[in-house]
Amino acid sequence: MARFEPPVIQDNQNGWGPCSVPDQFKDMPYQPFSKGDRIGKVSDWTGSTYQDRRYANKYASQYGVGSQYAYFHEEDENSFQLVDTSKVQKNMYQRGRFNRFNQRNLRRDQQRQRQQLQQAQMQILSKTAKSRERDRLRQVRKLQKQLGARQKFDQKNPIKLKSRESSVIVRPEWQVIEEMDFPRLSKLSLPGIEEAKDVKRCGKLDYYDRACDRITTKNERRLQRVNRIFHKVTTTDDPIIRQLAKTEGNVFATDAILATLMCTTRSSYSWDVVVQRVGNKLFFDKRDDSEFDLLTVSETSNEPPQDEANSINSPRSLALEATFINHNFSQQVLKQGTDEKYEFEEKNPFIQEGEEKEVASVGYRYRKWDLGNGIELIARCEHDAVMISPNGETQFINIKALNEWDSRFSGGIDWRQKLDTQRGAVLANELKNNSCKLAKWTIQEIGRASCRERV
């Protein structure tokens, strides 16, 4: 006879439903679900199957994603890794242009974080380091302003800004006497200076050949190598300055050093001068074995020459070429084969025995300025040649040369096509790319009181 066993009925006194969980369902995770959820979602081990926005919510549960069935290693969670380590293939929608906006925002955030980090580091830098960092940031802002929107859309060939090495290593034990930033230097002026007077004049000058003014691209003349000696003597090695220091003046320098100091705000390359104090007298010297006398090329250009090893367009190679061209050009445009020369009262103080016929045409004028407050400046100024004006007056001149290099990197102006018809465009391009060099030449001519400068 069949036996009927009635089920155990739990009597919930406080509500309805079971009072306790049955034994077979204890310690079993439960994730809430809805009967209205779509069925069809596959097991996703990589987490990238439904990254597409169009399918992100198609199979999503209204209760959200639970962590009841997530795997956790009790001993070491780092020991667990996915078996599938292959690269996730993105669809065309994810590789398209819509993903670029996210990358742009990410780059903007990273740049903002870097700027905040730099500002935080500036607070712990020393005074000298702060000045160098300000100069570097000012140079970067200057280049970004010059480039404008060009580099914003030209992402294929961006210009790489290289930090230039310092001309001298600043040692930590050096004591900082005073720092002067560029805005402060640009506001300096010393009005009311009287005209300089010549203290001594030395050397011998050749006469300028006016036939060189008629040279054009169609009537060209090849640059020749002129084997002559050029003396680049610093201030303290000048015997005339040593002699003058005993009787007059208390500050001594050369016209090149003074022009470099006065055009500091225009320079982009690193340089330094040595100041020696002997008693109550100051001597401004250039450092031995330095590149102080080399002529820079495209120093202030939007795209200055890059410092690449063994390249003919590196800054040093271009500077050596420009210096070589100026030395030979300044001697080639003089009258050759004549004994007509203009001689100053004293001979060239730097000529050694047997060098008189091989020394370049150069004249030295030691000029004295009274700057006030008991400061008397004596500087050695150089002249390259002499010429006779139409009214018969003798004029001292200096001869300089601007040279062309790869037009693809120097403004895109071909001199052979533009030099005869559009000289103004060529000159404007050189004023922009070599503003520091041209400013130094101008300052030197003002100090020398030259009547004319031939370029």
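Throughout what follows, the structure given in this document is the object of discussion.

**Concerning the overall build of the protein**
Broken down by element type, the protein carries 11 helices and 10 strands. The buried share of the protein, reckoned over its 455 residues, is 30%.

**Some remarks on the pattern of salt bridges**
One pass over the full model with this rule turns up 17 salt bridges. Here E220 ties to R416 by a salt bridge, and the two come within 3.4 Å at their closest N and O atoms. Of this pair, E220 sits in the loop between β1 (197-207) and α6 (239-244) while R416 sits in helix α9 (residues 415-418), placing them 196 residues apart in sequence. With respect to burial, E220 and R416 carry one shared label: exposed. A salt bridge links R242 to D237; the shortest N-O distance between them is 3.8 Å. Residue classification places D237 among the partly exposed residues on the basis of a relative accessible area of 44%. Bridged by salt links that share partners, the residues D198, R365 and R367 form one connected network.

**Quick look at the side chain of K200**
If you trace the backbone, K200 turns up in strand β1. There is a polar contact of 3.2 Å between the side chain of K200 and the side chain of Q243. Setting aside chain neighbours within four positions, we find K200 in contact with I240, Q243, E346, Y364, R365 and Y366.

**Describing the packing of helix α7 (residues 255-262) against helix α11 (residues 435-448)**
In the contact formed by α7 and α11, the axes pass within 9 Å of each other and the chain directions differ by 125 degrees. In this view, α7 runs oblique relative to α11, as classed from their interaxial angle. In this structure, the crossing between α7 and α11 has a hand that is right-handed. Residues D255, A256, A259, T260 and M262 of α7 form the contact with α11, whose own contacting residues are K440, I443, Q444 and R448. Here the residues of the contact of α7 with α11 are counted per class, giving four nonpolar, two polar and three charged.

Reading guide: rules and limits
- Residues numbered from 1 in each chain as written.
- Predicted model: local features only at pLDDT ≥ 70, side-chain atom pairs only at ≥ 80, totals over all residues.
- Heavy atoms only, no water.
- Helix = DSSP H or I, 4+ residues; strand = E, 2+ residues; numbered from the N terminus.
- Buried < 20%, exposed > 50% of the residue type's maximum accessible area, 1.4 Å probe, protein only.
- Salt bridge = Lys/Arg side-chain N within 4 Å of Asp/Glu carboxyl O.
- Polar contact = N/O pair within 3.5 Å; in protein donor to acceptor, adjacent residues only side chain to side chain.
- Contact = heavy atoms within 4.5 Å.
- Axes fitted to C-alpha atoms, helices over the stretch in contact; angles between N-to-C directions.
- Parallel < 35°, antiparallel > 145°, perpendicular 65-115°, else oblique.
- Left-handed = near helix turned anticlockwise from the far one by under 90°.
- Nonpolar A, V, L, I, M, F, W, Y, C, P; charged D, E, K, R; others polar.

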